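# Inside the fold
Chain residues, written in single-letter form:
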Number of protein chains: 2
Amino acid sequence: MPSRPSPFGKSRLSEFRLIKTLCRRFGQTGPRVLCGIGDDTAVVRPNAGGSLLLTTDLLAEGIHFRRDTATFEDIGYRAAVANLSDIAAMGGTPQYMLVALAIPPNCTGTNIEQLYKGLMKASRPHGVELVGGDTSASAQGLFITITMTGHAARERVLTRSSARVGDLIFVTGTLGDSLAGLQLLLNDRGAAGVAPRDRIYLVGRHRRPTPRVVEGRILARHGLATAAIDLSDGLSGDLAHVCEQSGVGAEIHTAALPLSSACLAYASAQALDPIDLALQGGEDYELLFTVSPRKQARVERLARRVDCRWSCIGVIRPESFGLRLRRPDGTLRRLQITSYQHFGNQGPSDREAACSH
Amino acid sequence: MPSRPSPFGKSRLSEFRLIKTLCRRFGQTGPRVLCGIGDDTAVVRPNAGGSLLLTTDLLAEGIHFRRDTATFEDIGYRAAVANLSDIAAMGGTPQYMLVALAIPPNCTGTNIEQLYKGLMKASRPHGVELVGGDTSASAQGLFITITMTGHAARERVLTRSSARVGDLIFVTGTLGDSLAGLQLLLNDRGAAGVAPRDRIYLVGRHRRPTPRVVEGRILARHGLATAAIDLSDGLSGDLAHVCEQSGVGAEIHTAALPLSSACLAYASAQALDPIDLALQGGEDYELLFTVSPRKQARVERLARRVDCRWSCIGVIRPESFGLRLRRPDGTLRRLQITSYQHFGNQGPSDREAACSH
């Protein structure tokens, strides 16, 4: 029998101490949590009425993150955002978090504390409480599974399956920034011709994306969106999910895709088409949502109340139309559906690296 | 950039197909599930009143399971039982399950279907519905994180922290069977002198343990137990959790430890002390609970209604007493606190392989 690797080097009792430290530092909970970290299960008081939202995301080292492009705090931050963004895409309010870690021998207790620091930095502003988890050794590679719960009013949940022909397609924020930031991190020469403030902005968008929790809740509360999804996988892949599940097609206007000045500067310096960054870049964690045209004016009024822009980028078409791009010259071309590959080859139909379901 | 390994060999689209198959085969849900597999989050209708229970367990290949001692169906079965048992230990009713998998290149789609088959075989009889999950590639080793929710009446949750001095200590079923079964699987020579039916029984107890959901619910509903925990980590380690969290000590009567005839036969053939198997063997998934002495008669009446025996194995003592064993000759000795090491060295203070919190 092979000897099990110790995740904490020589000190065999240090994990117990670490969990006590994590619990003391991050496990403070309010009166709705009847039992937090330390029992067989967490016990919480559910919200009266409404719906309970449940989501889980697994992040694997070398697939979703690498230690040379992110600190442990960044890794934790992004792991929390992946889940917060799922709750945001349903129009919900995030509530409780459970953290399961498989820890390889080359991670220290300090690394894990930093990871939790990032998790809490991203999720505490949204009122999320850490209520439980599990830790295990891993022979190789750090694996992080976050489970998050949320709540939403019963009839106000935003799903992927109810976009209708004629609906306008909106996105929050700007697209492609996270991919540009990652490329800058992976290829230092890529920074040539990119101003330091643009580099800082793009790398920040990759390392510390903003989950659009407030925006999702506004859309749900005002009954404005017919469908919604968060852009974790890239615009083309995530739009394809909405279209497939709603039984519709879509036309995207390339000229309307929201691009940051930093992303434009990066694309220009690299001789890349910024539209490709916007269509294929993943992990922007913006929301894509569809709106009936008669609600357009109301959506645009509300957009002025939030601190990120909302852009109308196209329109829902019948299923037979497929997914197409309308270029500024009026011509149409088929939208290549790609799924974002964090650290693998990026290409069409490359859809199996990570699949939330 | 290294190329990401494909979890499904040559076929890059086969994971998407697999998820559709899994969803069709195992994702059927009832009217309380407003949105199951396939959206950003699951949406369920919470129970009115009562408490929501949340638990997550991570199982890592080589740490918690090995492919040479269990089929994929067994691995799935035990992964579900680990979570069902946590809900049982709180006196709750299990409800919803999310499954996150990191899949290495040497796993096939059929392997994963078998894993889900085991998951559902263990959890469907308890009314659990599969509502979501996540899949990812893994460079090496299969990692399974199951999240399960449950519900319980508000004032009826069984925690670890409320055992009182003088309470009697009970366990369900028999102890040590799972460890004996695992040892038989790991060492074929160990089967010498063990009757085939005993071998089948012990291996079955290891591969397909029974979560004591019904028993936990009866204890909670009738307000019988002061504290409870499930025996995943072994009697000595799990009793230590209850004592630590309740601020008490405990005296265990070795003559009262419930042992199956198969476990006794195995210990005799191997010249092992069966008491050690009972104290140190993990993954029996029996419940340990404490009861006020004035409720002893009621507990024993109720025990006759369930299909597993309940045994009184000791008594809660003051904290200063520590944890001790009383031997048949009346002498006391300190209880060695061990934590079950699935495939590593087993010894005192070896507590970091897996730690639910």
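The paragraphs below set out a description of the structure included in this document.

The rules behind these values
Throughout, residues of each chain are indexed from 1 in the direction in which the sequence is written. Both sets of labels track the order of writing: A upward for chains, 1 upward for ligands. Per-residue local features are limited, in this predicted model, to residues with pLDDT of at least 70; the limit for side-chain atom pairs, both in listing and counting, is 80 or more; totals at the level of whole chains, interfaces and linings are taken over all residues. Side-chain metrics in this entry use all non-hydrogen atoms of the structure; hydrogen atoms and water are not considered. Two strands are counted as paired when DSSP detects at least two bridges linking them. A helix here means a DSSP run of H or I that spans at least four residues, while a strand means a run of E at least two residues long, and both kinds are numbered starting from the N terminus. The axes are straight lines fitted to the C-alpha atoms, using for helices just the contacting stretch, and the angles between their N-to-C directions are given from 0 to 180°. In this description, contact between two residues means that some pair of their heavy atoms is separated by no more than 4.5 Å. Residue burial is assigned from relative accessible area. The probe radius is 1.4 Å, only protein chains are included, and a residue is buried under 20% of its type maximum, exposed over 50%, and partly exposed in between. Pairing of aromatic side chains here covers Phe, Tyr and the six-membered ring of Trp, requires ring centres within 6.5 Å, and sorts the geometry by plane angle: under 30 degrees stacked, over 60 edge-to-face, intermediate tilted. In this scheme, the term charge over a ring applies when either NZ of a lysine or CZ of an arginine sits within 6 Å of the ring centre and within 35 degrees of the ring normal. In this description, a disulfide is simply a cysteine sulfur pair whose atoms lie within 2.5 Å. Salt bridge, as applied in this entry: a Lys or Arg side-chain nitrogen positioned within 4 Å of an Asp or Glu carboxyl oxygen. Polar contacts here mean pairs of N or O atoms no more than 3.5 Å apart (in protein, one a potential hydrogen donor and the other a potential acceptor; neighbouring residues in sequence count only if both atoms are side-chain atoms). Directions from the helix axis toward the C-beta atoms define the arc. An angle below 35 degrees is read as roughly parallel, one above 145 as roughly antiparallel, one from 65 to 115 as roughly perpendicular, and any other as oblique. For any helix crossing, the convention is left-handed if the near helix is rotated counterclockwise from the far helix by under a right angle, and right-handed if that rotation is clockwise. Amino acids are sorted into nonpolar (Ala, Val, Leu, Ile, Met, Phe, Trp, Tyr, Cys and Pro), charged (Asp, Glu, Lys and Arg) and polar (every other residue, Gly among them).

## What about the sheet that holds strand E8 (residues 225-230) of chain B?
Residue and element names in this part refer to chain B. On the basis of which strands lie adjacent, the open sheet formed by seven strands has the order E8-E10-E7-E11-E9-E12-E13 and mixed pairing. The open sheet terminates on both sides in strands that have one partner only, identified here as E8 and strand E13 (332-334). Each strand of the sheet is rotated relative to its neighbour by a mean of 30°, with strand direction disregarded. Pairing between E8 and strand E10 (residues 287-291): five bridges, direction antiparallel. Opposite Ala 225, over in E10, you have Val 291 as the bridge partner. Helix H2 (residues 72-89) contacts E8 and E10 of the sheet and is inclined by roughly 170° relative to E8. The sheet strands contacting helix H7 (residues 235-246) are strand E7 (168-172), E8, strand E9 (248-253), E10, strand E11 (310-318) and strand E12 (323-326), and the helix crosses E9 at an angle near 150°.

## Quick notes on unusual backbone geometry
Positive phi outside glycine occurs at Tyr 285 of chain A, with the angle close to 55°. Locating Tyr 285 of chain A in the fold gives a position in the loop between helix H9 (274-280) and strand E10 (287-291). Despite not being glycine, Glu 283 of chain B shows a phi value in the positive range, around 65°. Mapped onto the elements, Glu 283 of chain B comes out in the loop between helix H9 (274-280) and E10. Overall, the relative accessible area of 5% leaves Glu 283 of chain B in the buried class.

## Thoughts on the packing of aromatic side chains
All names here are of chain A. The full count for this structure, using the stated rule, is seven aromatic pairs over all chains. Ring plane angle 10° and centroid distance 5.5 Å describe the contact between Phe 170 and Phe 289, whose orientation is recorded as stacked. Taken together, the positions of Phe 170 in strand E7 (residues 168-172) and Phe 289 in strand E10 put the pair 119 residues apart, joining distant regions of the chain. Here Phe 170 and Phe 289 have matching classes, each one buried. One aromatic cluster is present, formed by Phe 170, Phe 289 and Trp 310 through successive ring pairs. We note Arg 317 situated over the ring of Phe 321; from NZ or CZ to the ring centre the distance is 5.8 Å. Sitting over the face of the ring of Phe 321, Arg 324 holds its NZ or CZ atom 5.1 Å from the ring centroid.

## Quick notes on the state of the cysteines
Residue and element names in this part refer to chain A. Applying the stated rule across the entire model yields zero disulfides over all chains. There is no disulfide at Cys 23, and the cysteine sulfur nearest it, in Cys 35, is 11 Å away. Its relative accessible area of 27% is what places Cys 23 among the partly exposed residues.

## Description of the pairing of strand E6 (residues 143-152) of chain B
Residue and element names in this part refer to chain B. The element E6 is extensively covered by neighbouring structure, given that nine of its 10 residues are classed as buried. The pairing of strand E4 (residues 93-103) with E6 spans nine bridges and is classified as antiparallel. Along E6, the bridge assignment pairs Tyr 96 with Thr 149.

## Quick word on the environment of Ile 146 of chain B
Residue and element names in this part refer to chain B. Mapped onto the elements, Ile 146 comes out in strand E6. The class of Ile 146 is buried, set by a relative accessible area of 0%. With 91 residues separating them in the primary sequence, Ile 146 and Thr 55 have C-alpha atoms 8.3 Å apart.

## Regarding the pattern of salt bridges
Residue and element names in this part refer to chain A. All chains considered together, the criterion is met by 34 salt bridges over all chains. Between Arg 208 and Glu 73 there is a salt bridge whose closest N-O contact spans 3.5 Å. Taken together, the residues Arg 208 in the loop between helix H5 (196-207) and helix H6 (213-221) and Glu 73 in helix H2 (residues 72-89) connect sequence positions 135 residues apart. Here Arg 208 falls in the partly exposed class, since its relative accessible area comes to 28%. Across the salt bridge formed by Arg 212 and Glu 286, the nearest N and O atoms sit 2.7 Å from each other. On the criterion of sequence distance, the pair formed by Arg 212 in the loop between H5 and H6 and Glu 286 in the loop between H9 and E10 is long-range, its members being 74 residues apart. Take Arg 212 and Glu 286: they sit in the same class, and that class is buried. Connected via shared salt-bridge partners are Glu 73, Asp 74, Lys 117, Lys 121, Arg 207 and Arg 208.

## Quick word on the side chain of Arg 205 of chain A
Residues and elements named next belong to chain A. Structurally, the position occupied by Arg 205 is in helix H5. Here Thr 174 takes part through its backbone oxygen, which lies 2.8 Å from a polar atom of the side chain of Arg 205. With sequence-adjacent residues up to four places away left out, Arg 205 is seen in contact with Thr 174, Asp 177, Ser 178, Arg 212, Asp 284 and Glu 286.

## Comments concerning the environment of Ser 178 of chain B
Turning to its location among the elements, Ser 178 of chain B is positioned in helix H4 (residues 177-186). Separated by 3.4 Å, the side chain of Ser 178 of chain B and the backbone oxygen of Glu 283 of chain B make a polar contact.

## Structural notes on the sheet that holds E10 of chain A
Residues and elements named next belong to chain A. One open sheet holds the seven strands; their spatial order is E8-E10-E7-E11-E9-E12-E13, and the pairing between them is mixed. A strand with exactly one partner marks an edge of an open sheet, and here the two such strands are strand E8 (225-230) and strand E13 (332-334). Taken pair by pair, the neighbouring strands of this sheet meet at an average axis angle of 30°, ignoring direction. Relative to E13, strand E12 (residues 323-326) runs antiparallel, the two sharing three bridges. When the sheet's bridge partners are listed, Arg 324 is paired in E13 with Arg 334. With respect to the sheet, H2 is in contact with E8 and E10, its orientation differing from that of E8 by roughly 170°.

## What to know about helix H8 (residues 261-270) of chain A
Residues and elements named next belong to chain A. Within the span of H8, buried status applies to Ala 262, Cys 263, Tyr 266 and Ala 267. The buried residues of H8 occupy an angular sector of 135° when projected down its axis, which confines them to one face. Pointing more than 90 degrees away from the buried face of H8 are the exposed residues Ser 261 and Ser 268. Looking at the packing, one finds that the buried side of H8 touches helix H4 (177-186), H5 and H9. Looking one or two residues beyond H8, the residue adopting positive phi is Ala 271, at roughly 55°.

## Re the packing of H2 of chain A against helix H3 (residues 109-123) of chain A
Residue and element names in this part refer to chain A. It is the contact of H2 with H3, at a shortest axis distance of 6 Å, that shows an interaxial angle of 40°. Considered as vectors, H2 and H3 are oriented oblique to each other. Of the two elements, H2 crosses H3, and the hand of that crossing is right-handed. In this structure, H2 contributes Phe 72, Glu 73, Ile 75, Gly 76, Tyr 77, Ala 79, Ala 80, Val 81 and Leu 84 to the contact, and H3 contributes Asn 111, Gln 114, Leu 115, Lys 117, Gly 118, Leu 119, Lys 121, Ala 122 and Ser 123.

## Focus: the packing of H4 of chain A against H5 of chain A
Residues and elements named next belong to chain A. Interhelical geometry of H4 versus H5 gives an angle of 105° and a closest axis separation of 7 Å. With respect to H5, the element H4 is oriented roughly perpendicular. Contact residues: Asp 177, Ser 178, Ala 180, Gly 181, Leu 182, Leu 184 and Leu 185 in H4; Arg 199, Tyr 201, Leu 202, Val 203, Arg 205, His 206 and Arg 207 in H5. Looking at the contact of H4 with H5 residue by residue, the classes come out as seven nonpolar, three polar and four charged.

## Focus: H6 of chain A
Every buried residue of H6 of chain A is accounted for by Val 213, Glu 215, Gly 216, Ile 218, Leu 219 and Ala 220 of chain A. The positive-phi residue at the C-terminal boundary of H6 of chain A is Gly 223 of chain A, with phi of around 60°.

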